[in-house]
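# An overview of the molecular structure
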Amino acid sequence: MNRSVLRLDGFLDAALLVTTMGVLLVNGLGLTAGITAVLPHLLYIPVVIGAYRFPRWGTAAAGSIGGVYLLMVLLTAGGSSGLLVEALVRVGLLIIIGWLVARLTRRLHEQEDLYRGLFDHSEGGSLLIAGTGAGRVVEEVNWKAASLVGRKRSAVRGGPLTAFWEPEEESAFFSRLSREGAVYETETTFSLPDGAPLIVKVSAASLPGGRVILTFFDITARVRAEQAVKTANDKLNLLSRISADHLQRTVDEIRATVDEAAAEGGGAGVQAYFGRIRTLAATVSRQLVLTESYKNLGTSPPVWQNVQRTLESVHLPADAGTARVRFWAERLELSADPLLVDVLAHLVRNPFRFATPVTEVLVRYQETGDGLDLSVEDDGQGVSTGEKRRIFEYDAGEHAGIGLFICRQILEVTGITIEEVGTEGSGARFVVHVPPGRYRIEGGEDAPAAPLSSGPAPLGVRDTAGLSVRELSSAEFPIAEAVWVDYHQMKGDPRTDRVFAAFLDGQVVSLARCRRHPDGLEVDGVFTPVVHRGHGYAHAVVSALVEACGRDLLFMYAVRDLTGFYARYGFAPIDEHHLPPTIRERYAWAQGQMEGANVCPMRRDPPGSPVPVTWPVVASL
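Description of the structure in this document. Everything numeric in this text was worked out from a predicted model, so none of it was measured.

Rules used in this analysis
Position numbers for residues start from 1 in each chain and track the written sequence from start to end. Per-residue local features are limited, in this predicted model, to residues with pLDDT of at least 70; the limit for side-chain atom pairs, both in listing and counting, is 80 or more; totals at the level of whole chains, interfaces and linings are taken over all residues. In computing side-chain values, all of the structure's heavy atoms are included and hydrogens and water are not. By salt bridge we mean one thing: a side-chain nitrogen of Lys or Arg within 4 Å of a carboxyl oxygen of Asp or Glu. The helix and strand labels rest on DSSP assignments: H or I over at least four residues marks a helix, E over at least two residues marks a strand, and numbering proceeds from the N terminus. Whether a residue is buried, partly exposed or exposed follows from its accessible area with a 1.4 Å probe, protein chains only, as a fraction of its type maximum: under 20%, in between, or over 50%, in that order. For two strands to be treated as a pair, DSSP must find no fewer than two bridges joining them. Only the stretch in contact is used when fitting a helix axis, every axis being a line fitted to C-alpha atoms; angles between N-to-C directions are given from 0 to 180 degrees. By the convention used here, residues are in contact when the closest approach between their heavy atoms is within 4.5 Å. Nonpolar core, defined: a set of buried Ala, Val, Leu, Ile, Met, Phe, Trp, Tyr and Cys residues in which side-chain atoms within 4.5 Å join the residues together. The length a helix should cover is 1.5 Å for every residue beyond the first.

As a further point, take the pattern of salt bridges. Tallied over the full model, the rule gives 25 salt bridges. In this structure, the salt-bridge partner of R153 is E140, at a minimum N-O distance of 3.9 Å. Taken together, the residues R153 in helix α6 (residues 153–156) and E140 in strand β2 (residues 137–141) connect sequence positions 13 residues apart. Judged by its relative accessible area of 8%, E140 is buried. The salt bridge partner of R513 is D524, with a shortest N-O separation of 2.7 Å. Of this pair, R513 sits in strand β17 (residues 507–517) while D524 is found in strand β18 (residues 520–527), placing the two residues 11 residues apart along the sequence.

Dropping the structure here:
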């Protein structure tokens, strides 16, 4: 037990004994002299001390002191009933006070024992520091802290922090603590008695009374292991680079030798052999380049990357000029290896590597119950069922599959997967599945909003008339709201909405919104200002929305005059009771009379979906 605690207990024992005897003696003399009004209040002193010192017996101690006082009153009252009643009341108050102080003390001791247990038995080193100015000292230390710094608890307790912490580092740490109020997991170095370094992670928080609680963990072994791994990796990279350089030079010499031999002539058979040697040498050269490019795969931490910006930076092959390439991922961000750009570049270039003509490449995404699917689709020949898995294997298709093999390796570093799910003869469809926590939507609940760009606006999807359609960033929502002011004064919410706009000469000429409800997606906010109607702008913006969100099941309330317009995009009328509940609630005021409200519920099923989903039919309100 702490010596200061022992000293305090001894003092309280002596105080209890002295005050009890003294107060009872004074009250006895007072009663003899007829003094009954003031001196009894002194009885509270030993009662409080006794209840605090011995909380389990506080009530009994108060009752004992009160009983002695009552006995003295009986012996000196001389038959005065008033004095006797007053004494009984006072004894009752003493017992209540003793019980209350004892109860509070027990609660205090329970809390103290709890925190003492946490402090003493923590697996991390814990120090209670007194004073945050110059000369900070250790007021209390647990066994783990003393063990980690290689000293006895008695040697650490009461000593300065600088006994094992460099003064400059200690001063810098506490300066930061005074500014921030708390510091978490800061790496620093303590000194062991023999001068050896102890690398630790330190956290600290300020307490009332100028105290600081400081905890730390030993990470010396981990840091040394990381340093050893880094050193070994550096050496392996150097060896790999030297080997690759030598192999590359050898391959170049082989190719040069083959070219010289071919120039000397020879029959068609010999030239064919030379051609095969050139091809093999080129394959080895390409594999060496790939090895060098991806040797650092997984060594860098994941970073948040905007998918749309990454896709727009990809240089497509020259023969892709006639194809329609559309990216619908304006606000999507992925947390992945920095080499994600190579994956996306490979996926959008891949359709143009084959002889089958490709006229469309489409990138879009949809949130699922277990994450998000980013799909890259084309209208080429597609991949046969037997090849869907093999194309991701190393060296598949006589070296043609190494690109997809590397793509899969890059994605798997952060738990992202890829598969091909297209239909042979109808085009390929690569689906990149991103688990929760690895994606976010810009401007949503868990992603910061991107500021408006001062540069030129994104091009979006353009047509020959100069019209462009694109999804708005969250910072551009006010632009849509300024147009919607004439359409029910609609507002956009970046947490739930995807807003698509058609632009002509930089001006919004039509809008459409897809809103995510808890149980479904609703298309609404389709609006073209009066001055811009009649030019097909609404067709352009609805087409873009359906293309971007087309892998999802979509619902909407359409004005009955426009059901034919939306039917062109796959929407079909349904009974209002087949709407998801939260979407149906928007028109609860109609009380089941959608026709009377001139509104028709509609839905659009994703292409290739199974039997349409129907919601339980409920009685009309």
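All right, on to the sheet that holds strand β1 (residues 125–130) then. Taken in spatial order, the 5 strands of this open sheet run β2-β1-β5-β4-β3, and their pairing is antiparallel. The outermost strands of the open sheet, each flanked by one partner alone, are β2 and β3 (182–191). Sheet twist, expressed as the average angle between the axes of neighbouring strands with direction ignored, equals 35°. As paired strands, β1 and strand β5 (residues 211–218) are joined by 6 bridges and run antiparallel to one another. Across the sheet, L128 pairs through a bridge with I213, a residue of β5. The sheet contacts of helix α7 (residues 167–180) involve β1, β3, β4 (197–207) and β5, and relative to β3 the element is tilted by about 175°.

Further remarks concern the nonpolar core. In this structure, V307, L332, L334, L347, L374, F430 and V432 are the most contacted members of the largest nonpolar core, which totals 41 residues. Residue assignment for this core shows that the elements contributing at least two residues are α10 (307–312), β8 (332–336), α11 (340–349), β9 (360–368), β10 (371–378), α12 (402–412), β12 (429–434) and β13 (439–441). A per-element tally of this core places α11 first, with 6 residues. Non-local contacts of L374, meaning those with residues more than four positions away in its chain, are made with V307, L332, L334, L344, V363, R364, Y365, F430, V431 and V432. Counting residues in each nonpolar core, the second largest holds 29 residues, with L362, V542, A548 and Y569 among its members.

Right, let's get into helix α14 (residues 537–549). Helix length check: α14 (13 residues) gives 18 Å between terminal C-alpha atoms against 18 Å at 1.5 Å per residue, within 8%. Every buried residue belonging to α14 is among Y537, V541, V542, A544, L545, V546, E547, A548 and C549, and all of these are buried.

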